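Residues per chain, in single letters:
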Amino acid sequence: MTSKVIQLQVKPGIQRDGTQFAAPTYVDGEWVRFQNALPRKIGGYRAIFLDGSGISRGMTMTSVNGLNYVVSGYNLGLEQWYTDNDDGVGFGPTQYTMTGGVVVVQIANAGTGYTNGTYTAVPLTGGTGSSAQATIIVSGNSITSVTITAAGTGYTVGDILSASAASIGGTGSNFSLLLTGNTIFTGGSKTLWQFDIGYDSTGGSTNNLVAHPGQNLAAIDSTVNTRPLYGVFPGTTLNPVGVFTATGYLSQNTIAINGANYLIGIGQTVTGTGIPSNTTVTASSVTTGSTFLGYITGTTLTVTSITSGVLVVGQTITGASGVTVTSGTTITALGTGTGGVGTYTVNNSQTVGGTTNLLQFNASANTLVTTSAVMTTGSVTVTFDNNISVSGGVVMLHPYLFVYGNNGLIQNCAAGDFNNWVSSDANANNLSTGKIVKGLPLRGGTTSPAGLFWSLDSLIRVTYAPSTVNGLNFYWKYDLITSQTSIMSSQCVIEYDGIFYWIGSDRFLSYNGVVKEITNNLNQNYFFDNLNFAQRQKVWATKVPRWGEIWWFYPKGDATECTDAIIYNVRENTWYDAGQAPGARRSAGTFSEVFRKPIWGGTEVNSTGKYTMWEHESGTDSIYATNVNAIRSYFETNNLGWVTGGPGNPQLSGDNKWLRVERVEPDFVQSGDMNLYVLGQGYADDTEQVSTPYVFNKSTLKIDMREQRRLFRLGFESNTFNGDYYMGKILISADMGDERSTGNP
């Protein structure tokens, strides 16, 4: 037995760049992390939901009243599960409803036996909506073209539509359409979701899920605009932000609305019965109310003179001092009066004054809207649309909702009202030449909202800083942090304890007051040289705070979905990777909050034909339904040979001898058997020689062997049910072996 007992000393991390011979850290690994500079197995994962409708392209998670809600966006929609806050037991998915008129369809089945021809105004059947029509062309007895001519209402993306054979020639069968886009949501293979949750304190006084289905998955610089959506959370219905209704009376090109409505602004689209297409607001003003002389007999209000303002349907009528009017009296219809002198119908029958006893009345405030088109006269519900549509995404800088996109656009709503985009604190500015692709909240001064926004080539800080200059009010301050940076994908930014980390086009970066490169001498080349850049928008970031880690998942080689992850351990200040383990095949995910486990979406179709939601850091195995599979975890030391100083000395010593090892004393917190391998070669580029495995368990005191290599490495593997480990101090009984300068070990 050798007289030397040496402690294994290897720096934490896995070096993929450069050569194994030059590495000061471990040189290979799979599903292994580092804690206190020592290797330990990454946790297991279990399938908590087996019924995802598609590959997740964005997720968010939050807890309300003891339930944990998991929202996942996929190519054709949005779905939600909920679990308890303890062990992940729950139900779902529930599909979010995003209904609208038909916009985009695909021919799912061209059918057979139809009569050739072109058919117009064909009513579409099926789906959740009604009244959609199309022009359908039949050629070769099958449908070859469908053009939507009437959008209808109430349709949901994913609906299967068809048409009666009687409407297209009287013969044929099996024709079907897949609805992939309606007036508020267009799905498809390019859909990439961004989410946030915010309180709409002024608008609806509710918590709301805000979602943006960007068409960015194929290209980070896509300029296609899509509508940000929002809805009460928890809930399952989403509608476009910036859309609201009001009841008004139409007359020529004027809409009179009872009450003061400060949501209405120039440029908004106006729709409703009697309103021509493409009508917009050209002016809007709010009056403080009306004062007039007249009397009420029964349900008829007679106005003999107007002192101020105008009268409109919906106004509340009250009496001046000494005049009693039934509480809640409102104008319900116009008679001979159209805003001034004349008669009006009120809801409450009463007698107040008369022809010889004219009294003074007051009417509540109203809003007068001027439009670009002449409308049909009448009282209708009017829809106003701010037409908020962006290519980038959404973020809450509470209480403001921000949207962003093309040409450096950063735009925000009024405080706490997702439908108000016209008030003085609702801004829209273009702040860079490139598209804004990501926004995240930032700690501001005191309680001031602030955020960071990444464009394709710059980083911008936005801060709430109200001021008045020359009588003009300003609310936001915009600072260009740098105009010379880059970003790999819109999903690759993560905040960890107040510091922001992301991947640029060719390096790793952080922001903590200034932009800095994160030193990565272990796997930077490995990542950028192996990333499938054509799929760069699928790179996404998450964090596992329990272990101090930031994970970046990415498609490696020619993979089109994520197959590996680069891991930066903030706590240990080192880098490693997942080693292309199956647990790295994830497309999106959430990190621990009230629910303490991360949930990540799988990329592969499961046994039910659906997609799996995995709860990670759960146990030690891979659990799918009733199937339990061991997770392989492996790590391999750097060279321990005497030519680089031996197992306890990383400095080159110059002893040109083999390292002879006769015993390894394992020290692990361990469950299940593990394998020890001896690896090595004669020269750095020589053929590797691998020993047969030495099996040991937690009761093993020592592993005796007779192994010698000039370049000598040890590999440790756990690959058994319930297998787990956390390495301690490994002792090696080693001595000088043969002195050889040539040949294999």
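It should be noted that the structure appears before, not after, this text.
Nothing here was measured: the structure is a model prediction, and the numbers come from that model.

1. Let's talk about the overall build of the protein chain
Alright, step 1. The number of helices and strands found in the protein chain is 1 helix and 64 strands.
Alright, step 2. Against the compact-globule benchmark of 27 Å for 745 residues, the protein chain has a radius of gyration of 34 Å, which places it well outside the compact range.
Alright, step 3. Taking the principal axes of the C-alpha coordinates as reference, the protein chain spans close to 125 × 70 × 45 Å.
Alright, step 4. Separation between the mean location of the 40 positive side-chain charges and that of the 49 negative ones in the protein chain comes to 3 Å.

2. A look at the sheet that holds strand E24 (residues 239-240)
Alright, step 1. The strand order across the open sheet formed by 4 strands is E21-E22-E23-E24, and the pairing between neighbours is antiparallel. With partners counted over all chains shown, the strands left at the sheet margins are strand E21 (192-200) and E24, one partner each.
Alright, step 2. In this sheet, strand E23 (residues 229-232) lies alongside strand E22 (residues 206-214) in antiparallel orientation, the contact comprising 4 bridges. Bridging from a neighbouring strand, Val210 pairs with Tyr230 of E23.

3. A short note on the pattern of salt bridges
Alright, step 1. In total, this model carries 21 salt bridges according to the counting rule given.
Alright, step 2. Between Arg33 and Glu617 there is a salt bridge, and its shortest N-O distance comes to 2.8 Å. Separated by 584 residues along the polypeptide, Arg33 in strand E5 (residues 32-35) and Glu617 in the loop between strand E52 (611-616) and strand E53 (622-624) bring together distant segments of the chain.
Alright, step 3. Between Arg632 and Glu717 there is a salt bridge, and its shortest N-O distance comes to 2.6 Å. Remark: Glu717 occurs in strand E62 (residues 711-718) and Arg632 occurs in the loop between strand E54 (627-629) and strand E55 (633-636); sequence separation between them is 85 residues.
Alright, step 4. Residue Arg632 is classed as partly exposed on the basis of its relative accessible area of 29%.
Alright, step 5. The exposure class assigned to Glu717 is buried, which follows from its relative accessible area of 8%.
Alright, step 6. One connected set of salt bridges, linked through shared partners, spans Arg16, Asp28 and Asp577.

4. Notes on the sheet that holds strand E46 (residues 540-544)
Alright, step 1. Taken in spatial order, the 4 strands of this open sheet run E46-E47-E48-E49, and their pairing is antiparallel. On the outer flanks of this sheet lie E46 and strand E49 (574-577), each paired with one strand and no other. Between one strand axis and the next, the sheet turns by 20 degrees as a mean value, whatever way the strands run.

5. A closer look at the side chain of Thr329
Alright, step 1. Tracing the backbone shows Thr329 in the loop between strand E29 (317-319) and strand E30 (331-334).
Alright, step 2. The class of Thr329 is buried, set by a relative accessible area of 0%.
Alright, step 3. Among the polar contacts made by the side chain of Thr329, one reaches the main-chain carbonyl oxygen of Thr326 at a distance of 2.6 Å.
Alright, step 4. A polar side-chain atom of Thr329 sits 3.2 Å from a polar atom in the side chain of Asn348.

6. Here we look at the nonpolar core
One recurring pattern in soluble globular proteins: nonpolar side chains tend to sit buried together.
Alright, step 1. Trp551, Phe668 and Leu676 are the most contacted members of the largest nonpolar core, which totals 49 residues.
Alright, step 2. When near neighbours in sequence (up to four residues on either side) are disregarded, Leu676 contacts Val664, Thr692, Pro693, Tyr694, Phe696, Ile703, Met705, Leu714, Gly715 and Phe716.
Alright, step 3. Counting residues in hydrophobic clusters, the runner-up holds 35 residues, among them Leu442, Val493, Ile494 and Leu531.

7. Side note on the pairing of strand E9 (residues 67-74)
Alright, step 1. Counting buried positions over the 8 residues of E9 gives 7, a clear majority of the element.
Alright, step 2. With 8 bridges connecting them, E9 and strand E10 (residues 77-84) associate as antiparallel partners. Considered in E10, the bridge of Val70 is made with Trp81.

8. Overview of the side chain of Ser718
Alright, step 1. Mapped onto the secondary structure, Ser718 falls in strand E62.
Alright, step 2. Look at Ser718 and you get buried, because its relative accessible area is 0%.
Alright, step 3. The residues touching Ser718, leaving out its near neighbours within four places in the chain, are Lys41, Ile631, Arg632, Ser633, Asp673, Met674, Gly723, Asp724 and Tyr725.

9. Let's talk about the state of the cysteines
Alright, step 1. Summed over the entire model, instances satisfying the criterion amount to 0 disulfides.
Alright, step 2. We note that Cys492 lacks a disulfide partner, and the nearest cysteine sulfur, in Cys562, lies 12 Å from it.

10. A closer look at the packing of aromatic side chains
Alright, step 1. For the structure shown, the criterion picks out 46 aromatic pairs.
Alright, step 2. Where Trp551 meets Trp600, the ring centres are 5.2 Å apart and the plane angle is 55 degrees; that geometry is what we call tilted. Of this pair, Trp551 sits in strand E47 (residues 549-554) while Trp600 sits in strand E51 (residues 599-605), and the two are 49 residues apart along the sequence. In this pair, the class of Trp551 matches that of Trp600, namely buried.
Alright, step 3. Aromatic ring contacts, followed pair by pair, group Tyr26, Phe34, Tyr576, Phe635, Phe668, Phe696, Phe716 and Tyr725 into a single cluster.
Alright, step 4. We note Lys543 situated over the ring of Phe591; from NZ or CZ to the ring centre the distance is 4.6 Å.
Alright, step 5. Between the NZ or CZ atom of Arg546 and the centre of the ring of Trp547, over which it lies, the distance is 4.0 Å.

11. Focus on unusual backbone geometry
Trans is the prevailing form of peptide bonds, just as negative phi is the prevailing case for residues other than glycine.
Alright, step 1. Residue Pro93 follows Gly92 across a cis peptide bond; omega there is 5 degrees.
Alright, step 2. For Pro93, the position within the fold is in strand E11 (residues 90-95).
Alright, step 3. The omega torsion of the bond from Phe233 to Pro234 falls at 0 degrees, within 30 degrees of zero and hence cis.
Alright, step 4. Looking at the element boundaries, Pro234 is found in the loop between E23 and E24.
Alright, step 5. The backbone of Ser131 shows a phi angle near 75 degrees, a positive value even though the residue is not glycine.
Alright, step 6. As for its position among the elements, Ser131 is in the loop between strand E15 (125-126) and strand E16 (133-139).
Alright, step 7. You can call Ser131 exposed: its relative accessible area is 54%.
Alright, step 8. The phi angle at Glu617 is positive, at roughly 55 degrees, despite the residue not being glycine.

12. Here we look at the pairing of strand E44 (residues 508-511)
Alright, step 1. Every second residue of E44 is oriented toward a common face, with Phe508 and Ser510 on one face and Leu509 and Tyr511 on the other, all of them buried.
Alright, step 2. Bridge count for strand E43 (residues 499-503) against E44 is 4 bridges, and the pairing is antiparallel. When the bridges of E44 are listed, Trp502 appears paired with Leu509.
Alright, step 3. Connecting E43 to the next strand, E44, in antiparallel fashion are 4 residues.
Alright, step 4. Both E44 and strand E45 (residues 515-517) contribute to a ladder of 3 bridges, which runs antiparallel. Bridge pairing in E45 places Tyr511 opposite Val515.

13. Quick notes on the environment of Gly54
Alright, step 1. Note that Gly54 resides in the loop between strand E7 (45-52) and strand E8 (59-64).
Alright, step 2. Separated by 18 residues in the primary sequence, Gly54 and Ser72 place their C-alpha atoms 9.3 Å from one another.
Alright, step 3. Sequence-distant contacts of Gly54, defined by excluding residues within four places in its chain, comprise Tyr74, Glu79 and Tyr611.

14. Brief notes about the environment of Asp529
Alright, step 1. Inspection of the secondary structure assignment puts Asp529 in helix H1 (residues 524-530).
Alright, step 2. Here Asp529 falls in the exposed class, since its relative accessible area comes to 64%.

15. A closer look at the environment of Val70
Alright, step 1. Structurally, Val70 can be placed in strand E9.
Alright, step 2. Put simply, Val70 and Met375 are 305 residues apart on the chain and 46 Å apart in space, counted from C-alpha to C-alpha.
Alright, step 3. Each residue touching Val70, except ones within four places of it in the same chain, is listed here: Met59, Thr60, Met61, Glu79, Gln80, Trp81 and Ile599.

Criteria and thresholds
Residues numbered from 1 in each chain as written. Predicted model: local features only at pLDDT ≥ 70, side-chain atom pairs only at ≥ 80, totals over all residues. Heavy atoms only, no water. Helix = DSSP H or I, 4+ residues; strand = E, 2+ residues; numbered from the N terminus. Rg over C-alpha atoms; globule rule 2.2 N^0.38 Å. Lys, Arg positive; Asp, Glu negative; His and termini not counted. Charge placed at Lys NZ, Arg CZ, Asp CG, Glu CD. Pairing = 2+ DSSP bridges. Salt bridge = Lys/Arg side-chain N within 4 Å of Asp/Glu carboxyl O. Buried < 20%, exposed > 50% of the residue type's maximum accessible area, 1.4 Å probe, protein only. Axes fitted to C-alpha atoms, helices over the stretch in contact; angles between N-to-C directions. Polar contact = N/O pair within 3.5 Å; in protein donor to acceptor, adjacent residues only side chain to side chain. Core = buried A, V, L, I, M, F, W, Y, C linked by side-chain atoms within 4.5 Å. Contact = heavy atoms within 4.5 Å. Disulfide = S-S within 2.5 Å. Phe/Tyr/Trp six-rings, centres within 6.5 Å; stacked < 30°, edge-to-face > 60°. Lys NZ or Arg CZ within 6 Å of the ring centre and 35° of its normal.

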